[in-house]
Amino acid sequence: AFLERLPPKLKGATLIAVEAEDHYLRLHTDRGSDLILMRLADALKELEGLEGAQTHRSWWAARAAVHEVRRGDGRAELTLEGGLIVPVSRRHARALRAAGWW
């Protein structure tokens, strides 16, 4: 259901990440990015069928888009397709590690 919300210019694109910006979500795809008006909490419910996870209070990332995981100083970052850097909070790191993300 979430992929149906992609703006016309991004229809058919592969979703890489979702980033919360105020009351909007920035959708990062292999065809570029755009904003939609939606809460991240609502988007997370619709994203449940896709292979990905919430990595931070304001980020969701597609697992297939992860190219590198960096950890240091108690923090982790994911480098995604296209060079996008996504933070991983301590709260979500344990679940991602348990799911085999690293």
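Keep in mind that what you see is a predicted model, and the values were worked out from it rather than measured.

Rules of the game
Residues numbered from 1 in each chain as written. Predicted model: local features only at pLDDT ≥ 70, side-chain atom pairs only at ≥ 80, totals over all residues. Heavy atoms only, no water. Helix = DSSP H or I, 4+ residues; strand = E, 2+ residues; numbered from the N terminus. Rg over C-alpha atoms; globule rule 2.2 N^0.38 Å. Buried < 20%, exposed > 50% of the residue type's maximum accessible area, 1.4 Å probe, protein only. Areas by Shrake-Rupley, 256 points an atom, 1.4 Å probe, with all protein chains shown as cover. Lys, Arg positive; Asp, Glu negative; His and termini not counted. Charge placed at Lys NZ, Arg CZ, Asp CG, Glu CD. Contact = heavy atoms within 4.5 Å.

Colleague: Before we move on, can you summarise the overall build of the protein with the specific residues and values?
Modeller: The helix and strand tally for the protein stands at two helices and eight strands. Counting from the amino terminus, the protein carries its helices and strands in the arrangement β-β-β-α-β-β-β-β-β-α. A compact globule built from 102 residues would reach a C-alpha radius of gyration of about 13 Å, and the protein, at 13 Å, matches this within 12%. The 102 residues of the protein split such that 38% are buried. Carbon together with sulfur atoms contributes 46% to the accessible area of the protein, which is approximately 6,200 Å² in total. Across the protein, the mean location of the 16 positive side-chain charges is 5 Å away from that of the 14 negative side-chain charges.

Colleague: An account of the environment of R57 is requested, with residue identities and associated values reported.
Modeller: The topology assignment puts R57 in the loop between β4 (52-56) and β5 (59-62). Through-space distance from the C-alpha of R57 to that of T79 is 17 Å; in sequence the pair is 22 residues apart. Once residues lying within four places of it in the same chain are set aside, the contact partners of R57 are L40 and H92.

Any link to function would need more than the numbers given here.
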